[in-house]
Amino acid sequence: MANRSVTTESAPVRWLLIGLAIVILTLFLLLPLAAVFIEAFRRGSEVFIKALTEDAALSAIKLTLLAAGISVPLNTVFGLAAAWLITKFRFKGRSFLLSLIDLPFAVSPVIAGLVFVLLFGARGWFGPWLKANDIQIIFALPGIILATVFVTFPFVARELIPLMESQGSDQEEAAVTLGARGWQVFRHVTLPNIKWGLLYGILLCNARAMGEFGAVSVVSGHIRGKTNTLPLHVEVLYNEYQFSAAFACAALLALLALLTLGLKSLVEHLSGHSAKGH
Amino acid sequence: MGKKRVIPGFGLSFGITVFWLGIIILIPLSALFIKAAGLGPGEWWKILTSARVLAAAKLTFGASAAAAAVSTVLGLLVAWVLVRYQFPGRRILDAIVDLPFALPTAVAGITLTSIYAPTGWIGKYLADMGIQGAYSPFGVFIALTFIGFPFVVRTVQPVMEDMGLELEEASAILGAGRWTTFRRVIFPVLIPALITGFTLAFARAIGEYGSVIFISGNLPMKTEILPLLIVAQLEQVKYEAAAVIASGMLLVSFFLLFLINLLQRRLNWQTR
């Protein structure tokens, strides 16, 4: 476009910058991604399939799905409630609450695991009581879920808040004036407006929940076939020098990441970019 | 205001939000600080100034700051190219920027290690130049840059997209070259977003665990990061020491975030 010439660079500069960006993204992102799959198939597809179908891997996959299947819905309900509260009402302490919701982003995953060990571990506050009642939280599924919920806490809320803020409350107010009740307003007015943003938040939340390593590693105890999630299983295999098997499981997780990115692009396309975080 | 009561659900949404925030985040975090406070200031001092903790802190904060700074430069360049130029493959590259967000950190860790190890695709060229990629502080820096740079791209990109061309046209009409226009007109508008991106990358890097522990080699005093040190204390059932290191780490990162926030408010106010 000729009329844009004063607001863009000369062609050589433009191509230099594009070239640089492509080199950066290739070396930094595409190369590692390719490496996962190449390493996974280095010793043939038989090793690859065996690594994913052995008992320890299958139970790790099952545990990962279970932990995400419980944590993600919990944080989705929370995200919807928090976004409704923050965007539809003005009250004292609102901005303080908003920064508290963001707090987990500033906390190391390892610390997210640590806090639950301090509460529920054998030497933790509730440790003796839990032991007396034969309830196990740390080194068991409940601990893994708590840690996962902690690290994925803000994801849905963070997507919904800017979206609902920008949409305002006029439609909801009109619905209420016309006699709609609370749930009707939410289901028929709000939900259709935020569905893509909600889906996007759930996608990100799920990707993080299934891939979480640090927090889960602290609370899981690495009991093979029992409390190993898929990312932890990758670590165990890697530390046992079973590199091809480790990368086979890593490839499965990388596929999940690619699927997430693909769905995300699709959501952005369908919603006309409105789901992109602002 | 009577207006705010028009929309229902205040009580319910307030209840769910505060309850969930309380049991998942606030009570557990307070438990951490209370546990750490159980030790006296003398003990705190002894733990936090031990040579191993100091070495880990230096590496964690140093490598995180360096990685966030490099991420800011790379992120600015990539965001600019993605927003301003049309070229084949642009949309795929745009989508792939989020890869570090979506890729589990353990996967990032082992694959970066395989690439930057002395026998790896990039590591062998680095080795020829006498640089050790994986198993060194430089490896930690690489992993943290990988994790951090999408934050910068994704905070700067929307600001660039919303930027009108009027100011740039005016600048060109007044005789400024493209570089001058970028430096004097475009860049100042981007500064707040760049600082936000830097802060997000930095905060994430300080706490990062999964991608670092594979590539760092985890040598105490040399390539050990703070989160790993916490795990090491836990494995020796030294709960108190783990709590003290974690509390110290949280306090320092909250303080840094607060400082950067303050700086940003200043800048926002100046550029207005």
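Residues numbered from 1 in each chain as written. Chains lettered and ligands numbered in written order. Predicted model: local features only at pLDDT ≥ 70, side-chain atom pairs only at ≥ 80, totals over all residues. Heavy atoms only, no water.

Structural notes on the overall build of chain B
Here's step 1: On a plain count of helices and strands, chain B comes out with 13 helices and zero strands.
Here's step 2: In sequence order, chain B lays out its α and β elements as α-α-α-α-α-α-α-α-α-α-α-α-α.
Here's step 3: Viewed in the frame of its principal axes, chain B has a C-alpha envelope of about 70 × 65 × 35 Å.
Here's step 4: Within the span of chain B, comprising 272 residues, buried residues form 54% of the whole.
Here's step 5: For chain B, the share of sequence-separated contacts (at least 6 apart) that also reach a separation of at least 24 residues comes to 74%.
Here's step 6: With an accessible surface of roughly 12,100 Å², chain B has 68% of that area assigned to carbon and sulfur atoms.
Here's step 7: For chain B, the centre of its 21 positive side-chain charges and the centre of its 13 negative side-chain charges are spaced 6 Å apart. (Helix = DSSP H or I, 4+ residues; strand = E, 2+ residues; numbered from the N terminus. Buried < 20%, exposed > 50% of the residue type's maximum accessible area, 1.4 Å probe, protein only. Contact = heavy atoms within 4.5 Å. Areas by Shrake-Rupley, 256 points an atom, 1.4 Å probe, with all protein chains shown as cover. Lys, Arg positive; Asp, Glu negative; His and termini not counted. Charge placed at Lys NZ, Arg CZ, Asp CG, Glu CD.)

Regarding the confidence of the model for chain A
Here's step 1: Averaged over all residues, the pLDDT of chain A is 90; the fraction at 70 or higher stands at 96%.
Here's step 2: When the criterion is pLDDT under 50, residues 274-278 of chain A qualifies, and its contacts beyond four places in sequence or with other chains add up to 14 contacts. (pLDDT = per-residue confidence, 0-100.)

Quick word on the packing of helix α3 (residues 55-88) of chain A against helix α7 (residues 141-152) of chain A
Residues and elements named next belong to chain A.
Here's step 1: In the contact formed by α3 and α7, the axes pass within 9 Å of each other and the chain directions differ by 50°. The angle between the axes of α3 and α7 places the two elements in the oblique class. Classified by chirality, the crossing of α7 by α3 is right-handed. Within the contact between the two elements, α3 uses Leu-63, Leu-66, Ala-67, Ile-70, Ser-71, Leu-74 and Asn-75 and α7 uses Leu-141, Ile-144, Ile-145, Thr-148, Val-149 and Thr-152. (Axes fitted to C-alpha atoms, helices over the stretch in contact; angles between N-to-C directions. Parallel < 35°, antiparallel > 145°, perpendicular 65-115°, else oblique. Left-handed = near helix turned anticlockwise from the far one by under 90°.)

Digging into the layout of surface pockets
Here's step 1: Put simply, the second largest pocket is a space of about 830 Å³.
Here's step 2: What lines the second largest pocket is a set of 36 residues, among which Phe-139, Ser-217, Val-218 and Gly-221 of chain A together with Glu-235 of chain B lie closest to the centre.
Here's step 3: Ranked by residue count, the leading element in the lining of the second largest pocket is helix α12 (residues 226-235) of chain B, at five residues.
Here's step 4: Along the lines of polarity and charge, the residues of the lining of the second largest pocket split into 23 nonpolar, nine polar and four charged. (1 Å grid on protein atoms, 1.4 Å probe; cavity = no way out; pocket = protein on both sides within 12 Å on 5 of 7 lines; lining within 4 Å. Points joined across faces, edges and corners; volume = space filled by probe spheres on them. Nonpolar A, V, L, I, M, F, W, Y, C, P; charged D, E, K, R; others polar.)

As for the packing of aromatic side chains
Aromatic ring pairs are defined here through the distance separating the ring centres and the angle between the ring planes.
All names here are of chain A.
Here's step 1: This structure, assessed with the given rule, holds 24 aromatic pairs over all chains.
Here's step 2: With centroids separated by 5.7 Å and ring planes inclined at 75°, the aromatic side chains of Phe-105 and Phe-155 adopt a geometry described as edge-to-face. Separated by 50 residues along the polypeptide, Phe-105 in the loop between α4 (94-102) and α5 (109-120) and Phe-155 in helix α8 (residues 155-167) bring together distant segments of the chain.
Here's step 3: Taking relative accessible area as the criterion, Phe-105 reaches 37% and is therefore assigned partly exposed. (Phe/Tyr/Trp six-rings, centres within 6.5 Å; stacked < 30°, edge-to-face > 60°.)

Some remarks on the packing of helix α8 (residues 137-162) of chain B against helix α10 (residues 178-207) of chain B
Residue and element names in this part refer to chain B.
Here's step 1: It is at 8 Å that the axes of α8 and α10 come closest, and there the two elements cross at 155°. Relative to α10, α8 is oriented roughly antiparallel. Of the two elements, α8 crosses α10, and the hand of that crossing is right-handed. For the pair α8 and α10, the contacting residues are Leu-144, Ile-147, Gly-148, Phe-151, Val-152, Thr-155, Val-156, Val-159 and Met-160 in the first and Val-189, Leu-190, Ala-193, Leu-194, Thr-196, Gly-197, Phe-198, Leu-200, Ala-201, Arg-204 and Ala-205 in the second.
Here's step 2: Per-class residue counts for the contact of α8 with α10 are 15 nonpolar, four polar and one charged.

Concerning the nonpolar core
Here's step 1: Formed by 184 residues in total, the largest nonpolar core has its most connected members in Phe-150 of chain A together with Leu-32 and Tyr-116 of chain B.
Here's step 2: With 16 residues, the single largest contributor to this core is helix α3 (residues 51-84) of chain B.
Here's step 3: With residues up to four places along the chain from it excluded, the contact list for Leu-32 of chain B reads Ile-111, Leu-114, Val-115 and Leu-118 of chain A together with Ala-243, Ala-246, Ser-247 and Leu-250 of chain B. (Core = buried A, V, L, I, M, F, W, Y, C linked by side-chain atoms within 4.5 Å.)

Observations concerning helix α6 (residues 105-116) of chain B
Residues and elements named next belong to chain B.
Here's step 1: With twelve residues, α6 extends 16 Å between its outermost C-alpha atoms, agreeing within 8% with the 16 Å of an ideal straight helix rising 1.5 Å per residue.
Here's step 2: Burial analysis of α6 places eleven of its twelve residues in the buried class, which makes it a mostly covered element.
Here's step 3: Residues of α6 that are buried: Thr-105, Ala-106, Val-107, Ala-108, Gly-109, Ile-110, Thr-111, Leu-112, Thr-113, Ile-115 and Tyr-116. (Expected span 1.5 Å × (residues − 1).)

A word on the side chain of Thr-87 of chain A
Residues and elements named next belong to chain A.
Here's step 1: You can see Thr-87 is positioned in helix α3.
Here's step 2: What makes Thr-87 buried here is its relative accessible area of 6%.
Here's step 3: Polar contacts involving the side chain of Thr-87 include one to the main-chain carbonyl oxygen of Ala-83, which spans 2.6 Å.
Here's step 4: Every residue in contact with Thr-87, bar those within four places of it in the chain, is listed here: Ile-161, Met-164, Glu-165 and Ser-169. (Polar contact = N/O pair within 3.5 Å; in protein donor to acceptor, adjacent residues only side chain to side chain.)

Let's talk about the interface of chain A and chain B
Here's step 1: If you look at the interface, chain A gives 92 residues, while chain B gives 89 residues.
Here's step 2: Between chain A and chain B, the buried area comes to about 8,200 Å², and carbon and sulfur atoms account for 80% of it.
Here's step 3: For the interface between chain A and chain B, the tally reads three salt bridges.
Here's step 4: Close ionic contact of Lys-264 of chain A with Asp-98 of chain B constitutes a salt bridge, the shortest N to O distance being 2.6 Å.
Here's step 5: The interface formed by chain A and chain B includes nine residue pairs in polar contact (both at pLDDT 80 or more).
Here's step 6: The greatest single-element share of the side of chain A that touches chain B, amounting to 20 residues, is contributed by helix α1 (residues 11-40) of chain A.
Here's step 7: Considering only residue class, the side of chain A that touches chain B consists of 65 nonpolar, 15 polar and twelve charged. (Buried area = accessible area lost by both parts, 1.4 Å probe. Salt bridge = Lys/Arg side-chain N within 4 Å of Asp/Glu carboxyl O.)

Considering the environment of Ser-71 of chain A
Residue and element names in this part refer to chain A.
Here's step 1: Note that Ser-71 resides in helix α3.
Here's step 2: The class for Ser-71 is buried, based on a relative accessible area of 0%.
Here's step 3: Distance in space between the C-alpha atoms of Ser-71 and Val-149 is 5.3 Å, their sequence separation being 78 residues.
Here's step 4: Setting aside residues up to four positions removed in sequence, Ser-71 forms contacts with Ile-145, Thr-148 and Val-149.
Here's step 5: Side-chain polar atoms of Ser-71 contact the backbone oxygen of Ala-67, separated by 2.6 Å.

Focus: the pattern of salt bridges
Oppositely charged side chains can pair when the atoms bearing their charge come close.
Here's step 1: Counting across every chain of the model gives 17 salt bridges over all chains.
Here's step 2: Here Glu-240 of chain B makes a salt bridge to Lys-35 of chain B, at a shortest N to O gap of 3.9 Å. Separated by 205 residues along the polypeptide, Glu-240 of chain B in helix α13 (residues 239-271) and Lys-35 of chain B in helix α1 (residues 10-37) bring together distant segments of the chain.
Here's step 3: For Glu-240 of chain B, a relative accessible area of 25% gives the class partly exposed.
Here's step 4: A salt bridge links Arg-154 of chain B to Asp-98 of chain B, with the nearest nitrogen and oxygen atoms 3.0 Å apart. Remark: Asp-98 of chain B occurs in the loop between α4 (90-96) and α5 (99-102) and Arg-154 of chain B occurs in helix α8; sequence separation between them is 56 residues.
Here's step 5: On the basis of relative accessibility, which here comes to 15%, the residue Arg-154 of chain B falls in the buried class.
Here's step 6: Asp-98 of chain B sits in the buried class, given a relative accessible area of 4%.
Here's step 7: Salt bridges here are not isolated pairs; linked through shared partners, they connect Lys-264 and Glu-268 of chain A together with Asp-94, Asp-98 and Arg-154 of chain B.

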